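Tertiary structure, described
Each chain, written out:
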Amino acid sequence: MDLDRYDPDLRRAGRLMSLLTPRSASSFRRQVGVIGAVSAAARALRPTPAVEDLGGGVEQLQRWVPRRDGGQQRLLVVRRRAGGGRGQDGASGTADPGAAVLWIHGGGYAVGAPEQSVRTARRLVEATGCVVVLNDYRLSAAGPYPAALHDCYDALLWLRDHAAELGARPDQLVVGGESAGGGLTAATCLLARERGEVAVAFQVPLYPMIDDRPTPSSTGSTAPVWSSATNDAAWDAYLGPLRGRADVPATAAPARAQDLRGLPPVLTFVGDAEPFHDEVVTWAERLREAGVRVESRVYPGCFHGFDILVPTARVSREATAFLLEGFRRWCAELTAPQPTPQPARQPAPPGGPVL
């Protein structure tokens with residue numbers, strides 16, 4: 001690994017993460033199995049409480065909602081505690097309702113849990129007074145595409161229907177996430193556009209995983225955290241027999257979408273030293289050409305997930321400031337009234353069609 005290509009503040013973490021990054025599909029699968037087992041054991045030892053005070057006037061609630069396969073999906077709701085915290089104007093006490101945000105965790109569609117995004121959710125809540133829902137979607141080992149998409153879309157519909165009850169605005173739904181969560185953000189917004197039963201004000205897919213096909217930056221990459229080997233193995237697990245076919249749906253790999261018109265505005269950033277750089281930059285350019293509002297940044301010398309792994313680095317603070325400033329501004333500017341009347345929807349059967 002050539003450390004000289006990375007931002008100086010990231011090199012130490014990059015050296016360490018390169019030792020932990022799988023170098024083959026088999027080692028990726030082994031790592032996924034270990035992470036899954038450790039995560040399950042941790043949750044068993046310390047179950048997530050139904051209500052938890054996160055401090056600073058912010059609370060976390062746990063909810064369970066039906067899945068279309070007959071199971072249940074776990075949701076974490078992060079919001080201002082009633083009568084506590086500060087509103088958007090800085091005054092203490094209850095403020096006007098803020099945005100209703102579905103934030104989707106990353107992990108290559110293969111690992112992860114909503115708890116890993118609580119810090120991001122809290123930042124958004126403290127910055128704007130929004131309500132953030134973090135969903136525990138099915139990972140690729142439990143169910144390849146379209147299981148995770150179904151879970152995310154159904155969580156969005158649940159948020160639409162319960163926004164006012166949670167203290168948020170039904171006319172300001174936002175979808176966001178990092179990495180695979182960013183890919184699911186883009187896919188969920190594509191599906192929402194096609195179905196026309198829920199309106200999204202804007203989307204925040206950070207360094208999203210959106211293209212299953214090789215790109216120059218995703219080919220031959222030995223970058224720390226996420227490399228060509230991990231990328232190929234993760235797409236294989238998520239797409240299953242779809243991988244490599246010409247008819248991979250856009251809701252599986254959003255970079256394959258031919259028509260990007262009418263999608264919600266996009267706020268995003270990516271590093272220039274990671275596999276997703278080229279697909280994100282190309283996608284942003286195509287969105288602009290389609291008339292979609294886009295605000296994006298490329299951060300030099302940054303590997304995948306740099307802002308989360310090294311939050312104190314100067315470049316990470318810059319990226320976080322860009323995210324929060326853009327999020328505040330768009331919350332003040334953008335709304336999307338929900339369709340009325342909302343079409344009746346029948347859940348698709350397990351393994352049934354997405355659209």
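Residues numbered from 1 in each chain as written. Predicted model: local features only at pLDDT ≥ 70, side-chain atom pairs only at ≥ 80, totals over all residues. Heavy atoms only, no water.

1. Focus on the overall build of the chain
- In terms of helices and strands, the chain carries nine helices and nine strands.
- For a compact globule of 355 residues, the expected C-alpha radius of gyration is about 20 Å, and the chain comes in at 19 Å, within 12% of that figure.
- The C-alpha extent of the chain, read off along each of the three principal axes, is 50 × 50 × 45 Å.
- Looking at the chain as a whole, 56% of its 355 residues are labelled buried.
- Within the chain, counting contacts between residues at least 6 apart in sequence, those at least 24 apart form 74% of the total.
- A total of about 14800 Å² of accessible surface is found on the chain, and carbon and sulfur atoms cover 53% of it.
- The centroid of the 39 positive side-chain charges in the chain is displaced by 3 Å from the centroid of its 38 negative side-chain charges. (Helix = DSSP H or I, 4+ residues; strand = E, 2+ residues; numbered from the N terminus. Rg over C-alpha atoms; globule rule 2.2 N^0.38 Å. Buried < 20%, exposed > 50% of the residue type's maximum accessible area, 1.4 Å probe, protein only. Contact = heavy atoms within 4.5 Å. Areas by Shrake-Rupley, 256 points an atom, 1.4 Å probe, with all protein chains shown as cover. Lys, Arg positive; Asp, Glu negative; His and termini not counted. Charge placed at Lys NZ, Arg CZ, Asp CG, Glu CD.)

2. Topic: the confidence of the model for the chain
- When pLDDT is averaged along the chain, the result is 93, and 92% of the positions lie at 70 or above.
- Ranking the elements of the chain by mean pLDDT puts helix α2 (residues 25–45) last, at 94, and strand β4 (residues 98–104) first, at 99.
- Low confidence marks residues 85–93, where pLDDT is under 50. Its contacts with residues over four positions away, or in another chain, come to 18 contacts. (pLDDT = per-residue confidence, 0-100.)

3. Regarding the environment of Pro-275
- Summarising the element assignment, Pro-275 is placed in the loop between β8 (266–271) and α7 (277–289).
- The spatial distance from the C-alpha of Pro-275 to the C-alpha of Arg-288 is 22 Å, given a sequence separation of 13 residues.
- Not counting the four nearest positions on each side in its chain, Pro-275 is found in contact with Thr-215, Ser-217, Ser-218, Ser-221, Ala-223, Trp-226 and Ser-227.

4. A word on the packing of aromatic side chains
- Across all of its chains, the model carries 14 aromatic pairs by this definition.
- Between the aromatic rings of Phe-202 and Phe-327, the centroid separation amounts to 5.7 Å while the plane-to-plane angle is 70°, which identifies the pairing as edge-to-face. Linking Phe-202 in strand β7 (residues 202–206) with Phe-327 in helix α9 (residues 314–333), this pair joins segments that are 125 residues apart in sequence. Across the pair, exposure class does not vary: Phe-202 and Phe-327 are buried alike.
- On the numbers, 6.0 Å between centres and 55° between planes, the contact of Tyr-299 with Phe-306 is tilted. Pair check on accessibility: Tyr-299 and Phe-306 agree, each one buried. (Phe/Tyr/Trp six-rings, centres within 6.5 Å; stacked < 30°, edge-to-face > 60°.)

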